[in-house]
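Here are the chains, one letter per residue:
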Amino acid sequence: MSLIFYTIGAVAGIISGVLSTQAQMGYLAGLLVYLVSPKIVMAVVKDLPEEFKDDRILLRKGMWGFLLFWLYFTLFSYNLIIQPEPKFYSNQSLLYNITKG
């Protein structure tokens, strides 16, 4: 079950990262996937114990795994697409000397 939440979090993170490069509302896609994730888990795992049949319990059990994978893959895919350049505010900084020196 945890592996399924990790996978859903990774997919939601990639979707959120790609969408957030185009619109500020891209992060809402991750929230929507999180809210739908118990239905996905129940569809994939047919023999869940009775205590995991409730959506709220599945959301609570899978929250941290989903959240960490979603956050990591959101930032990762966002930075791959944007490719930010460092801004140097001083020519005496260590980063400036490493990259320009």
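For the structure, check the block above.
Thresholds applied
- Residues numbered from 1 in each chain as written.
- Predicted model: local features only at pLDDT ≥ 70, side-chain atom pairs only at ≥ 80, totals over all residues.
- Heavy atoms only, no water.
- Helix = DSSP H or I, 4+ residues; strand = E, 2+ residues; numbered from the N terminus.
- Buried < 20%, exposed > 50% of the residue type's maximum accessible area, 1.4 Å probe, protein only.
- Contact = heavy atoms within 4.5 Å.
- Phe/Tyr/Trp six-rings, centres within 6.5 Å; stacked < 30°, edge-to-face > 60°.
- Salt bridge = Lys/Arg side-chain N within 4 Å of Asp/Glu carboxyl O.
- Core = buried A, V, L, I, M, F, W, Y, C linked by side-chain atoms within 4.5 Å.

S.K.: Tell me about the overall build of the chain, and name the residues and values.
M.R.: Scanning the chain from terminus to terminus reveals 4 helices and 0 strands. Listing each helix as α and each strand as β along the chain from the N terminus yields α-α-α-α. In terms of overall dimensions, the chain has a C-alpha envelope of 65 × 25 × 15 Å along the principal axes. When burial is assessed residue by residue, the chain has 28% of its 101 residues classed as buried. Long-range contacts, defined as pairs at least 24 residues apart, comprise 61% of the intrachain contacts of the chain with a sequence gap of at least 6.

S.K.: If you had to explain the packing of aromatic side chains to someone new, which residues and values would you point to?
M.R.: Applying the stated criterion across every chain, the model contains 6 aromatic pairs. With 5.0 Å between their ring centres and 40 degrees between their planes, Tyr34 and Phe66 make a pair best called tilted. Of the two residues, Tyr34 is situated in helix α2 (residues 26-44) and Phe66 in helix α3 (residues 55-82); the sequence distance between them amounts to 32 residues. With respect to class, Tyr34 is no different from Phe66; both count as buried. Through a chain of ring-to-ring contacts, three or more aromatic side chains come together here, namely Tyr6, Phe69, Tyr72, Phe73 and Phe76.

S.K.: So what's going on with the pattern of salt bridges? Residues and values would help.
M.R.: Per the counting criterion, the structure on display carries 2 salt bridges. With a shortest N-O distance of 3.0 Å, Asp55 and Lys39 are connected by a salt bridge. Note that Asp55 is positioned in helix α3 and Lys39 in helix α2, a separation of 16 residues in sequence. For Lys39, a relative accessible area of 51% puts it in the exposed group.

S.K.: I'd love a proper account of unusual backbone geometry, names of residues and values included.
M.R.: Of note in the backbone geometry, Gln83 takes a positive phi value of approximately 50 degrees without being a glycine. You can see Gln83 is positioned in the loop between α3 and α4 (94-100). Taking the relative accessible area as the measure of exposure, Gln83 reaches 56% and is therefore exposed.

S.K.: Give a detailed account of the environment of Trp70, specifying residues and quantitative values.
M.R.: Within the fold, Trp70 resides in helix α3. Residue Trp70 is classed as buried on the basis of its relative accessible area of 14%. Linking Trp70 and Ser16, residues 54 residues apart in sequence, is a C-alpha distance of 8.3 Å. Beyond its immediate stretch of four places on either side in the chain, Trp70 contacts Gly9, Ala12, Gly13, Ser16, Tyr27 and Gly30.

S.K.: Quick one: what's the story with the nonpolar core, residue by residue and with numbers?
M.R.: As a rule of thumb, nonpolar side chains are buried together in soluble globular proteins. Judged by nonpolar contacts, Ile4, Phe5, Ile8, Ala12, Tyr34, Val41, Leu48, Phe52, Leu58, Leu59, Phe66 and Trp70 together constitute the single largest core of 12 residues. Looking at this core, the elements with two or more residues in it are α1 (2-22), α2 and α3. Not counting residues up to four positions away in its chain, the partners in contact with Leu59 are Tyr34, Leu35, Ser37 and Pro38.

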